[in-house]
Amino acid sequence: MLDFDVSYFEEETRLGFTIPSFMKHAWAAQLNVLNRIDKICRDNNIPYYANWGTLLGTVRHQGYIPWDDDIDICMLRADINRLAELIEACDDIEMISIFNTPNHGPNANRVVTSTAFSMDRDVYKDSCGFPFSAGVDIFVLDYVPRDKALEEEMVEALQVCATAAHERLWLEENNPFDNDYTAHVHEYRAAIEWLSKNCGVTFSEENPSEQEILILAQEIMGLYSETDADYITEMHTLVNGSSYYIPKDVFDNIIRLPFENTSMPVPIAYNEMLTLKYGSSYMTPMNIQAGHDYPFYNRLIKTMYNDRKYNSLEEYTEYLMDISARYYVNFLKKKAEPVLDYDREAYNNLISGMHISKEEGKKLVAECEVLEEFKRICNSIDISYYAIGDTLRAIESGDYFAVISDGVNVSVKRENVNDLLMALSKELDPWFNYSAIYYSDDYEDLRIRIWTDGYKCDMEEFAKRFHGCTEEVPLYISVIDKVSPDKEQDEVRMTLVKNLIATSKSMPTTPPYSADILGVVAEWKKIIQVEINTEMNLRQEFLRVADYIGGNVTEDSTVDTVRITADLQRGDDTVYPRDYFEKAKEVPFFITAISVPGLE
């Protein structure tokens, strides 16, 4: 992973164009993907080169063109095939192409970190605070046959492929009763018949998919080898009528030039390539404006905004920047100083009297730091919390081993959960992390978890921040739910919740799912009338539904008891008087204090 100074992420003006801070995070994430590709290519002697705007940016700006928002590289078809095989063995990046992604279209291959939005702070640390998929486009270079007749045949075949794909898409998107529908059917059928006859191909069905048509186009592009050619090109340029011919020896001599905080391989004859692409005055910026839907992430934000309840797109954008980009900057700026101070001699005497080792004592102090951070978050949004479970029993009995082994256990009321999760995502100090079934991938606990986070941290600094403790220690937050005054209704609800929790244990976690599993999901949806997303981790989905049903009790003045739904996951179903959590008092808890319910 490349190193970036915190100043790199500041808003910046280059050549009169303002580059927003969020774009700098996107650039950094892309540069890390490039760095990953670069290492694989160097280790395996695979040549690649800057392409299009990235080549121009390398030569003219020693980095991105200020109003550009992506990285383009290119390599020969045989080399990209080798790279694709090597990337298949990687678990941190993947290559997307028409060969493995049906709706990828005729675009460049793309190497990406992930294909989904994430709220995981560890992901933000890996992606320089950029919450979306970041990637690098790789354009394929193919040999142009020196026989002009063969070139013309190839270009014609590719143009027919393009027509077939275009007409197929038109037919999918338009109504069969449109006046010109028949004409488009005729164009499509004529193109398919031409390809079948002239390319010697038998399609898998009468109306081949766009993917099958475009894969055929890729095979046509790669027909010729180095011995057949004097030039190479990106075939789509010839299909579109451009005379973009690169001498095949242009890449024989490669140099590396500065690009942002790394370097980029370019052909020593880059002047010839850039002149072909942009004309002889390519070193003079023609205009200072962004192109192709700049910035690219706006469309991603808009798509997500439509699925969420926010007052405005601007408000949602600010929220995303708070939880990702600004969090990452705060992570880079973090100080290794504890929040709590205490009399170490007195504390050592205390734990010695409890027969707790020094290491266990450090862990207890670190747990107090987590508790203190949780209390700060609660105070910032003005909500109450209460010690429960082993933590409460430890306070009452003086036996603190349960706290050491399982972390601090607290609870909040259901009506405060959304505000708490929002505050955790925006305000939690960068020395900590959190998980919740509604926010975190693959997290399978009905409790919210906060813990001391040492990922990508210097261990010496981590130990200093948490009083010498080098373990990651947790705090668990359970939700207090109302119990329906209708005993029969409550019994039905709890039976559903318990069975959903039990079913979750047998559910697989990665789609696509088998017909048997989908059948189980369908039966449950009939019973509970709640959506279960079969594109997600089903084990987690069943827990989410269990939590929703457990907390879905209508406010009623006759409600006089409550329960902690998360306890059901551990086989406990204790019901408490409602007023037990209406009064509480802070009592000493090691080097801090904790709120205990039932006290005044």
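In short, a report on the structure. Remember, it's a predicted structure, so these values are computed and weren't measured experimentally. (Residues numbered from 1 in each chain as written. Predicted model: local features only at pLDDT ≥ 70, side-chain atom pairs only at ≥ 80, totals over all residues. Heavy atoms only, no water.)

### Structural notes on the environment of Ala 566
Thought 1: Residue position: Ala 566 is located in the loop between strand S17 (561–564) and strand S18 (575–577).
Thought 2: Considering only alpha carbons, one finds Ala 566 and Phe 132, 434 residues apart in sequence, at a separation of 31 Å.
Thought 3: Not counting the four nearest positions on each side in its chain, Ala 566 is found in contact with Leu 446, Arg 447 and Ser 478. (Helix = DSSP H or I, 4+ residues; strand = E, 2+ residues; numbered from the N terminus. Contact = heavy atoms within 4.5 Å.)

### With respect to the packing of helix H18 (residues 487–505) against helix H20 (residues 538–551)
Thought 1: Interhelical geometry of H18 versus H20 gives an angle of 170° and a closest axis separation of 8 Å. Taken together, the axes of H18 and H20 lie roughly antiparallel to each other. For the element pair H18 and H20, the recorded crossing hand is left-handed. Residue-level contacts link Arg 493, Met 494, Val 497, Leu 500, Ile 501, Thr 503, Ser 504 and Lys 505 of H18 to Arg 539, Phe 542, Leu 543, Val 545, Ala 546, Ile 549 and Gly 550 of H20. (Axes fitted to C-alpha atoms, helices over the stretch in contact; angles between N-to-C directions. Parallel < 35°, antiparallel > 145°, perpendicular 65-115°, else oblique. Left-handed = near helix turned anticlockwise from the far one by under 90°.)

### So, the pairing of strand S4 (residues 72–76)
Thought 1: S4 sits mainly inside the fold: 5 of its 5 residues count as buried.
Thought 2: Side chains Asp 72, Cys 74 and Leu 76 of S4 all project onto a buried face; the interleaved residues Ile 73 and Met 75 project onto the opposite face, where all are buried too.
Thought 3: Inspection of the sheet shows strand S3 (residues 49–50) paired to S4 by 2 bridges, in the antiparallel sense. Across the sheet, the residue bridging to Ala 50 is Ile 73, located in S4.
Thought 4: Pairing analysis gives 5 bridges linking S4 to strand S7 (residues 135–145), with the strands arranged parallel. Bridge pairing links Asp 72 to Asp 137 in S7. (Buried < 20%, exposed > 50% of the residue type's maximum accessible area, 1.4 Å probe, protein only. Pairing = 2+ DSSP bridges.)

### Side note on the nonpolar core
Thought 1: Counting residues in hydrophobic clusters, the biggest one holds 135 residues, and the most contacted among them are Leu 83, Phe 374, Ile 450 and Ile 594.
Thought 2: With 12 residues, the top contributor of residues to this core is helix H1 (residues 21–43).
Thought 3: Non-local contacts of Ile 594, meaning those with residues more than four positions away in its chain, are made with Leu 371, Tyr 385, Ala 387, Thr 391, Ile 395, Val 408, Val 410, Lys 585, Glu 586, Val 587 and Phe 589.
Thought 4: In terms of nonpolar packing, the next biggest core, distinct from the first, is built from 31 residues, Ile 388, Tyr 476, Trp 524 and Tyr 576 among them. (Core = buried A, V, L, I, M, F, W, Y, C linked by side-chain atoms within 4.5 Å.)

### Considerations on empty space enclosed by the protein
Thought 1: One pass over the structure, following the stated rule, counts 2 cavities of 30 Å³ or more.
Thought 2: Space inside the largest cavity adds up to approximately 70 Å³.
Thought 3: Size it by volume and the second largest cavity reaches roughly 30 Å³.
Thought 4: As for the second largest cavity, its lining consists of Leu 2, Leu 31, Leu 34, Asn 35, Asp 38, Tyr 48, Arg 256, Thr 262 and Ser 263.
Thought 5: Mapped by element, the contributors of at least two residues to the lining of the second largest cavity are H1 and strand S11 (262–267). (1 Å grid on protein atoms, 1.4 Å probe; cavity = no way out; pocket = protein on both sides within 12 Å on 5 of 7 lines; lining within 4 Å. Points joined across faces, edges and corners; volume = space filled by probe spheres on them.)

### Here's the deal with the pattern of salt bridges
Thought 1: Scanning the entire structure with this criterion turns up 41 salt bridges.
Thought 2: Here Glu 12 makes a salt bridge to Arg 14, at a shortest N to O gap of 3.0 Å.
Thought 3: In this structure Glu 12 comes out as partly exposed when scored by relative accessible area, which is 27%.
Thought 4: Taking the relative accessible area as the measure of exposure, Arg 14 reaches 18% and is therefore buried. (Salt bridge = Lys/Arg side-chain N within 4 Å of Asp/Glu carboxyl O.)

### A word on the packing of H1 against helix H3 (residues 77–88)
Thought 1: Contact geometry for H1 and H3: axes closest at 11 Å, N-to-C directions at 110°. Classified by the angle their axes make, H1 and H3 are roughly perpendicular. Here the hand of the crossing between H1 and H3 comes out right-handed. Contacts between H1 and H3 involve Ile 37, Ile 40 and Cys 41 on the former and, on the latter, Leu 83, Leu 86 and Ile 87.
Thought 2: A per-class count over the contact of H1 with H3 returns 6 nonpolar, no polar and no charged. (Nonpolar A, V, L, I, M, F, W, Y, C, P; charged D, E, K, R; others polar.)

### A look at the pairing of S11
Thought 1: Taken together, the 6 bridges between strand S10 (residues 254–259) and S11 define a ladder with antiparallel strand orientation. Looking across to S11, one finds that Pro 258 is bridged to Ser 263.
Thought 2: Between the end of S10 and the start of S11, which pair antiparallel, lie 2 residues, with Glu 260 showing a positive phi angle near 50°.

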